[in-house]
Amino acid sequence: MSNSHNPEIEPLSRMQILIAMAVTAIILFGVARLWLYLGDLQLRPLSVTVSDVGFGLALGLGLTGLSAIVYAAWAAYRESADLYLAMVLKPLALPDTIWLGLLPGLSEELLFRGVMLPAIGLDPIGIVLSSLCFGVLHMTNVQQWPYAVWATLVGMLLAYTMVETGNLFIPIVAHMTTNFISAVTWKIQQPKLKSRS
């Protein structure tokens, strides 16, 4: 990876990453709440049953598996994902990955699938537009476009699931599962990858 495409970014500390995650979650919660209030909208239903948890976990595991396949097959995505994950995960301790699953999983799903999607429309246009916004949120710079493309596709699947089931809880569980497993896997694999190089 050449420095002309990815100039070295000053790494953040563990505390800075944790604070940034919390502040981002608070901002997304605030935007969702404000949108609900000003748009006179109702938050999508949250049905919590054993089967809903199971469906959310299965969807999250499926997305994690698909992500692994895309990571192995698409070099541009792999480079983009490694850059993004290194920036976010490298300073974190393994137990911190719990917050990485919880905070973005909850706040992003509440905003993008719980509020934005129904505000735009519970139809293909709403699914695509809310997912594009979700993808853009994951793009830290222009070189991160493959990661943003993948996030958009994941957003479309999560949005479609919410529309079909009418239950916001399922994409929340799926998002948390995917974030948590991906983060733990990346953290565990890093020492192995360094020892090989």
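Scroll up to find the structure this text is about.
Bear in mind that the values here come from a model prediction, so they are computed numbers and not experimental data.

The next point concerns the overall build of the protein chain. A tally of regular secondary structure across the protein chain gives 7 helices and 0 strands. If you list the helices and strands of the protein chain from N to C, you get α-α-α-α-α-α-α. For the protein chain, the C-alpha radius of gyration of 17 Å lies close to 16 Å, the compact-globule estimate for 197 residues. With the C-alpha coordinates of the protein chain rotated into their principal frame, the extents come out at 50 × 35 × 30 Å. Split into buried and exposed, the 197 residues of the protein chain put 41% on the buried side. Nonlocal contacts in the protein chain, meaning residues at least 24 apart in sequence, comprise 81% of its contacts between residues at least 6 apart.

Per the counting criterion, the structure on display carries 7 aromatic pairs. When the ring of tryptophan 74 is compared with that of tyrosine 77, the centres are 6.1 Å apart and the planes differ by 20°; the resulting orientation is stacked. Members of the aromatic cluster, each reached through a chain of ring pairs, are Tyr71, Trp74, Tyr77, Tyr84, Trp145, Tyr147 and Trp150. Lying across the ring of phenylalanine 134, arginine 113 places its NZ or CZ 4.2 Å from the centre.

A separate point is helix H1 (residues 14-38). Between its first and last C-alpha atoms H1 spans 36 Å; for 25 residues at 1.5 Å apiece the expected length is 36 Å, and the two agree. Residues of H1 that are buried: Ile17, Leu18, Met21, Ala25, Leu28, Ala32 and Leu36. Lining the buried residues of H1 we find helix H3 (75-89), helix H4 (97-120) and helix H5 (124-137). Following H1 by one or two positions, aspartate 40 adopts a phi angle in the positive range, close to 50°.

Let us now look at H5. Note on helix geometry: an α-helix contains 3.6 residues per turn, so any two residues three or four positions apart are oriented the same way. Across its 14 residues, H5 extends 20 Å between first and last C-alpha, which sits within 8% of the 20 Å expected from 1.5 Å per residue. Among all positions in H5, only Gly126, Ile127, Ser130, Ser131, Phe134 and Gly135 are buried. The arc that holds every buried residue of H5, seen down its axis, measures 160°, which confines them to one face. Residues of H5 that are exposed and point more than 90 degrees away from the buried face comprise Ile125 and Val136.

Turning next to the packing of H3 against helix H6 (residues 145-165). As a packed pair, H3 and H6 sit with axes 7 Å apart at the nearest point and diverge in direction by 95°. On the basis of the axis angle, H3 is roughly perpendicular to H6. Residues Ala76, Tyr77, Ser80, Ala81, Tyr84 and Leu85 of H3 form the contact with H6, whose own contacting residues are Pro146, Tyr147 and Trp150. A per-class count over the contact of H3 with H6 returns 8 nonpolar, 1 polar and no charged.

The next point concerns a nonpolar patch on the surface. Nonpolar side chains collect at one region of the surface, where Met15, Ile19, Val23, Ile27, Val31 and Trp35 lie side by side and expose about 520 Å² of accessible area between them. Mapping tryptophan 35 onto the fold places it in helix H1. On the basis of relative accessibility, which here comes to 30%, the residue tryptophan 35 falls in the partly exposed class.

Take the packing of H4 against H5 next. One way to put it is that H4 packs onto H5 with a least axis distance of 8 Å and a crossing angle of 145°. Seen along the crossing, H4 lies across H5 with a hand that is right-handed. Of H5, the residues touching H4 (which contributes Glu108, Phe112, Arg113, Met116, Leu117 and Ile120) are Ile125, Gly126, Ile127, Leu129, Ser130, Cys133, Phe134 and Leu137. Across the contact of H4 with H5, the residue classes break down as 10 nonpolar, 2 polar and 2 charged.

Bringing the nonpolar core into the picture now. In terms of nonpolar packing, the biggest core is built from 22 residues, with Leu59, Tyr77, Leu85, Leu89, Leu100, Tyr147 and Leu158 touching the most fellow members. Mapped by element, the contributors of at least two residues to this core are H1, helix H2 (50-73), H3, H6 and helix H7 (169-196). Per-element tally for this core: the top contributor is H3, with 6 residues. With residues near it in sequence (within four places) discarded, leucine 85 still touches Lys90, Tyr147 and Trp186. Listed in part, the 9 residues of the second largest apolar core include Leu28, Phe112, Met116 and Phe134.

Here is what the cut-offs are and how they apply
- Position numbers for residues count from 1 along each chain, tracking the sequence in the order it is written.
- Thresholds applied to this predicted model are a pLDDT of at least 70 for local features of residues and 80 or more for the giving and counting of side-chain atom pairs; totals over whole chains, interfaces and linings are not thresholded and use all residues.
- The basis for every side-chain value is the complete set of non-hydrogen atoms in the structure, without hydrogens or water.
- A helix here means a DSSP run of H or I that spans at least four residues, while a strand means a run of E at least two residues long, and both kinds are numbered starting from the N terminus.
- The size measure is the radius of gyration over C-alpha atoms, and the globule rule it meets is 2.2 Å times the number of residues to the 0.38 power.
- Each residue is placed in one exposure class: buried if its accessible area under a 1.4 Å probe, protein chains only, is under 20% of its type's maximum, exposed if it is over 50%, and partly exposed if it falls in between.
- Note on contacts: a residue pair is in contact if any heavy atoms of the two residues lie within 4.5 Å.
- The criterion for an aromatic pair is that two Phe, Tyr or Trp rings (for Trp, the six-membered ring) have centres within 6.5 Å, with stacked assigned to planes under 30 degrees apart, edge-to-face to planes over 60 apart and tilted to the rest.
- Only lysine NZ and arginine CZ atoms are considered, and such an atom sits over a ring when it is within 6 Å of the ring centre and within 35 degrees of the ring normal.
- By definition here, a helix of n residues has an expected span of 1.5 Å times n minus one.
- This arc describes the spread of directions from the helix axis toward the C-beta atoms.
- Here, axes are lines fitted to C-alpha atoms. For helices the fit covers the stretch in contact, and angles between N-to-C directions go from 0 to 180 degrees.
- Throughout this description, any angle smaller than 35 degrees is read as roughly parallel, any larger than 145 degrees as roughly antiparallel, any in the 65 to 115 degree range as roughly perpendicular, and the remainder as oblique.
- Residue polarity follows a fixed list, in which Ala, Val, Leu, Ile, Met, Phe, Trp, Tyr, Cys and Pro are nonpolar, Asp, Glu, Lys and Arg are charged, and the others, Gly among them, are polar.
- Residues with no salt bridge and a relative accessible area higher than 30% make up the patches, which join like charges within 9 Å and nonpolar side chains (Val, Leu, Ile, Met, Phe, Trp, Tyr) within 5 Å.
- Accessible areas in this description were obtained via Shrake-Rupley with a 1.4 Å probe; residue shielding takes into account the shown protein chains only.
- Salt bridges are defined as contacts in which a side-chain nitrogen from Lys or Arg sits within 4 Å of a carboxyl oxygen from Asp or Glu.
- Here a crossing is taken to be left-handed if its near helix is turned anticlockwise relative to the far helix by less than a right angle, and right-handed if that turn runs clockwise.
- For this analysis, a nonpolar core means a set of buried residues of the types Ala, Val, Leu, Ile, Met, Phe, Trp, Tyr and Cys, connected via side-chain atoms within 4.5 Å.

Any link to function would need more than the numbers given here.
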